[in-house]
Structure formats: structure tokens, C-alpha cells
Amino acid sequence: MDAHSLALEAGLVLLCLALAWGVSRWFGRDQPRDSIWFGARIFDGLLFPLLALVFLELARRGMSQFQPVLLLRIGVSAFLALALIRLVARVLRLAFPASALVRLVERTVSWLAWLGALLWIVGLLQPVVQELDQITLGFGKNSVSLRMLFEGLLSAGIVLTLALWVAATIEKRVLREAVTDLSMRKVASNAVRALLLLIGLLFALSAVGVDLTALSVLGGALGVGLGFGLQKLAANYVSGFVILLERSIRIGDNVKVDAFEGRITDIKTRYTLIRAGNGREAIVPNESLITSRVENLTQADLKFGLVTVVVVDGGADVEQVQRILVEAAQAQPRVMREPAPVAHFTNFAADGLEFTLNYWVPDPDKGKDNLRSAVNAAVLAGLRAAGIEIPGPQRVVRVTALPDGHSTSREPGL
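Residues numbered from 1 in each chain as written. Predicted model: local features only at pLDDT ≥ 70, side-chain atom pairs only at ≥ 80, totals over all residues. Heavy atoms only, no water.

## Things to note about the overall build of the protein
- Counting secondary structure elements, the protein contains twelve helices and twelve strands.
- Every one of the 414 residues in the protein was classed for burial, and the buried ones make up 31%.
- For the protein, the accessible area works out to roughly 25,200 Å², and carbon and sulfur atoms hold 61% of it. (Helix = DSSP H or I, 4+ residues; strand = E, 2+ residues; numbered from the N terminus. Buried < 20%, exposed > 50% of the residue type's maximum accessible area, 1.4 Å probe, protein only. Areas by Shrake-Rupley, 256 points an atom, 1.4 Å probe, with all protein chains shown as cover.)

In C-alpha cells:
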């Protein structure tokens, strides 16, 4: 191949890439950054490598009729691998945004795709496929070659990825607009995803050549498994759908399960995520929410009472201290005006006069300790400005002389 042919191929490659970029940019205007087709920067979506693959393949087919091709062949294999990687990566990130297993799947698919592209470029893909076809594995009376096994896994992976893509698209484009209730949207989303994955799995098994009547044996094994050790797992899945359908608790509700209180951030098919105001997150099995006591603070009164206890010097003016405490609570925007904060003179403490400040907050999910801290700081500043002291603990030491001339000391306490 001479330099003129290489230059002509290089020009065609650049033209195909520029054309793919232009079309992607034209259709990618005003698209969301999480789009599978376009991505955040147009070229990191699926459409650009797919269009480049189509244009390069058309150019390769046309030019191969007149002369041998090299660069176009390399470009076709590279963008075929890139399109496959982008498809799997973008769909899995959309379907499972918080899964740590997605990165491992992406890397595995990337290595396999680039390895296949390299073998095709150097002309070793066909011999490798023939060698894999010669290696067989026996399963009872049947034997399966490594080639058939690999092609079956590849077909199943692509079909399941497309099923996840369709499910995510339906959830994003249809359910978010048609279903306003979060719980019902979650039910519909899980049902659509499960149905499409089941259909995709059946198509993948049929493509591999597996007899679908053999699934009856799998169903029997699954029934035995449910009877011996999978009852809890099945109960959690069923309980998840019951919770979503009954809507006794919903995403965004503030609940209290046992001693843990927080806001429901997500309801999965097996468990429910509850996040407390301090950032801690609890994973509660759905069966526990069905069989145990759960306090739904959202459906009840959200009003939450807080208390601040302070001891001041015994010579302080009671009414002045009460006024300072009430003003300190009213200065915080989150403190409710109705019922209004109230301060009571509750006890004669050992070190002075004890006052109790009661105030209420309408949004305990935003944190209680931070508001209590702000009120306490305002109380301390108000008392100091008025010249009222908060006495510290005092100890009285008594010295008693003994008949032998020695002495002893005793601390009666605070």
C-alpha cells in the first residue's frame, strides 16, 4: 500500500469522524447531561461512536472494491468496541447509579471489547474463534463449546442491557410525567424493569439454544430453595411491593423504627433506606416494616418539642431571666411562633435557680442538635449581657481537728 492510498484513507477517516461529530452535535443541543445517546460532552455518549462506526463501515465497503484498506479497517473495529463499551457503561450507570459493581463490569467489558478489536485488526480473530469451537464442555448428555458459551453470554449481556435501557427510558420519560406519587412510580418502575428483564432473559436463552421447558426444573429448585432457606429473602421482596402499594409509608416520610429516627430516602424491593438528621443511614429489611411497629411522624404531627435547662445565680430576677430565655428562642427562624416558646422557673437547684425553656420546631428532619446549640448560645449571650451569672459547681471542704492533734477533711459533695 503506497503513501497516496494511506493519505486517502486518513482523509476518509477524518471526514467520517467530522461528519459523526457534526450530526451528534446538531441533535445533541439542549439534551440532558445524563442522556445515554449524547452524554455530558456529546462525544462521550453512544450516538457519536455509533455514527462513526456506520460511516467508517460504509467507506470501507466502498473503498475495498478498488484497493486494500487498512486505516478504515482499524477504525471500524475500534469504534465497534467503543460503541459496545459506551452502551454497557451508560446504561448500567443509569440503571444502577450507586452500585460499586458497575465499575467492575465496565472494566471487564472494556478489556474484552478491545481484545476482540485487536484480534480482528491483526487477523487472529477467526483462528481464535475456531479454536474455541474445538474446546467443548460436557453437561450430562450434551456438550457445549466455549465459542457457543461465549456467544451466549455476549447475547444475554446485550439483551439484558437493552432491557435495562428500555426500562430506564420508560421510567424517565413516561412514569415521571404520568405518575406523580413517588411510591406508585417506584412500584411501576420495579414492575416494568422486572418484566423486561424476564423477557430479555427468555430471548437470550432462546438465542443460545436453551430449551425453555427446562426452566420448569429451575422453578422446582427455586420452590425448594424458598422452602428451606430463602423465605426471608422472598418475604422482603413481597413486603417491598406491599409497602409501595399500600403507601402506609412513602419516600420522604419521617419515621421511627425501634430507636432509629430519620427520613425515608428510598424504598428498594428488598430493603428501605432511612437517613437520620446526623447523616447516619439505616438499611431496614422491608419485612420489619410490615411486622414491627413503625411510627410515621409525617402522617402525624411533625411538631417536635425541644427543652433547654439552665441554672442561674440565686439573686437573679426571675421575670428577667424568663424574658431572656424566650427572646433567645424567638430569635431563631426555625422555632415555631405558635405554640410560642415558654420559660418556667422549675426548681431551686443547689447552685441557684433552675429554669426550663420549652420551644417547638416544625422540621425535625433538618436537625435538632444544631437548633438547640443556637438557642443555647443565644441564651448564654443574653444572660451575660444582662450581667446574670451561671454559677459553676462549688465544693465545700470542712477540716475537723481530732483529739490526737491530727486533722481530717471531708467533701460533702456538690
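Text resumes after the structure shown.
## Considerations on the sheet that holds strand S10 (residues 353–361)
- Strands sit in the order S8-S10-S9 across an open sheet of three strands; the sheet is antiparallel. Single-partner strands in this sheet number two, and they are strand S8 (304–312) and strand S9 (342–348). Across the sheet, the mean angle separating the axes of adjacent strands is 25° when strand polarity is ignored.
- Note: S8 against S10, nine bridges, orientation antiparallel. Among the inter-strand pairings, Val312 is bridged to a residue of S10, identified as Leu353.
- Those strands touched by helix H11 (residues 318–330) are S8, S9 and S10, and its axis lies near 25° from that of S10.
- Here helix H12 (residues 369–385) sits on the sheet in contact with S8 and S10, set at roughly 30° to S8. (Pairing = 2+ DSSP bridges. Axes fitted to C-alpha atoms, helices over the stretch in contact; angles between N-to-C directions. Contact = heavy atoms within 4.5 Å.)

## Re the confidence of the model for the protein
- Residue-level pLDDT values for the protein average 78, and 78% of them are 70 or greater.
- Mean pLDDT across the secondary structure elements of the protein bottoms out at strand S12 (residues 407–410), with 51, and peaks at H11, with 92. (pLDDT = per-residue confidence, 0-100.)

## Topic: helix H4 (residues 101–122)
- Compared with the 32 Å implied by 1.5 Å per residue over 22 residues, the 32 Å span of H4 between its first and last C-alpha is a close match.
- Taken as a whole, H4 has its buried residues at Val102, Glu106, Val109, Ser110, Ala113, Ala117 and Leu119.
- Backbone geometry just after H4 places Gly123 at a positive phi near 85°. (Expected span 1.5 Å × (residues − 1).)

## Remarks on the sheet that holds strand S7 (residues 294–296)
- Read across the open sheet, the five strands follow the order S6-S5-S4-S3-S7; overall the sheet is antiparallel. Whereas interior strands pair on both sides, the edge strands pair on one side only; in this sheet they are strand S6 (281–285) and S7. Neighbour-to-neighbour, the strand axes of the sheet open up by a mean angle of 40°, direction not taken into account.
- Where strand S3 (residues 254–257) lies against S7, three bridges are found, and the strand directions are antiparallel. Bridging from a neighbouring strand, Lys256 pairs with Glu295 of S7.

## Quick notes on the packing of H11 against H12
- Running from N to C, H11 and H12 cross one another at 140°; their axes reach a closest spacing of 8 Å. Comparing the axis directions of H11 and H12 gives the class oblique. In this structure, H11 meets H12 at a crossing whose hand is right-handed. From H11, Val321, Ile324, Leu325, Ala328 and Ala329 reach across to H12, where they touch Val375, Ala378, Val379, Gly382 and Leu383.
- Classifying every residue of the contact of H11 with H12 by side-chain character gives nine nonpolar, one polar and no charged. (Parallel < 35°, antiparallel > 145°, perpendicular 65-115°, else oblique. Left-handed = near helix turned anticlockwise from the far one by under 90°. Nonpolar A, V, L, I, M, F, W, Y, C, P; charged D, E, K, R; others polar.)

## What to know about the packing of helix H1 (residues 3–27) against helix H2 (residues 47–63)
- Viewed as axis vectors pointing N to C, H1 and H2 meet at an angle of 145°, and their least axial separation amounts to 8 Å. Handedness of the crossing formed by H1 with H2: right-handed. Packed against H1, whose contacting residues are Ser5, Leu8, Glu9, Leu12, Val13, Cys16, Leu17, Leu19, Ala20, Trp21, Val23 and Ser24, the element H2 presents Leu47, Phe48, Leu51, Ala52, Phe55, Leu56, Ala59 and Met63 at the interface.
- Residue composition of the contact of H1 with H2, grouped by class: 17 nonpolar, two polar and one charged.

## Some words on the pattern of salt bridges
- All chains considered together, the criterion is met by six salt bridges.
- A salt bridge links Glu57 to Arg60, with the nearest nitrogen and oxygen atoms 2.8 Å apart. Of this pair, Glu57 and Arg60 both sit in helix H2, separated by three residues, roughly a single helical turn.
- Arg275 serves as the salt-bridge partner of Glu281, at 3.2 Å between the closest nitrogen and oxygen.
- Judged by relative accessible area, which is 36%, Arg275 ranks as partly exposed.
- Residues participating in the shared-partner salt-bridge network are Glu57, Arg60 and Arg61. (Salt bridge = Lys/Arg side-chain N within 4 Å of Asp/Glu carboxyl O.)

## Brief notes about the environment of Phe27
- Here Phe27 shows up in helix H1.
- The spatial distance from the C-alpha of Phe27 to the C-alpha of Trp37 is 9.8 Å, given a sequence separation of ten residues.

## Description of a nonpolar patch on the surface
- A cluster of nonpolar side chains, Leu112, Phe150, Leu154, Ile158 and Leu162, forms an exposed patch at the surface whose accessible area comes to about 410 Å².
- Given the relative accessible area of 47%, Leu112 is considered partly exposed. (Patch = residues over 30% accessible without salt bridge, like charges linked within 9 Å, V, L, I, M, F, W, Y side chains within 5 Å.)

## Points about the nonpolar core
- Residues Val312, Val321, Leu325, Leu357, Tyr359 and Leu383 are the most contacted members of the largest nonpolar core, which totals 22 residues.
- Within the residue set of this core, elements represented by two or more residues are S8, H11, S10 and H12.
- Sort the elements by how many residues they give to this core and H11 lands first, with six residues.
- Ignoring sequence-local partners within four residues, the contact set of Leu383 consists of Val310, Val312, Val321, Ile324, Ile388 and Ile390.
- By size, the runner-up hydrophobic cluster in this structure holds 17 residues, among which are Phe48, Leu51, Ala52 and Val69. (Core = buried A, V, L, I, M, F, W, Y, C linked by side-chain atoms within 4.5 Å.)

## Here's the deal with the side chain of Asn286
- Inspection of the secondary structure assignment puts Asn286 in helix H10 (residues 286–291).
- Looking at Asn286, the relative accessible area reads 0%, which means it is buried.
- In contact with Asn286, other than residues within four places in its own chain, are Asn236, Ser239, Gly240, Ile243, Lys268, Thr269, Arg270, Tyr271 and Thr272.

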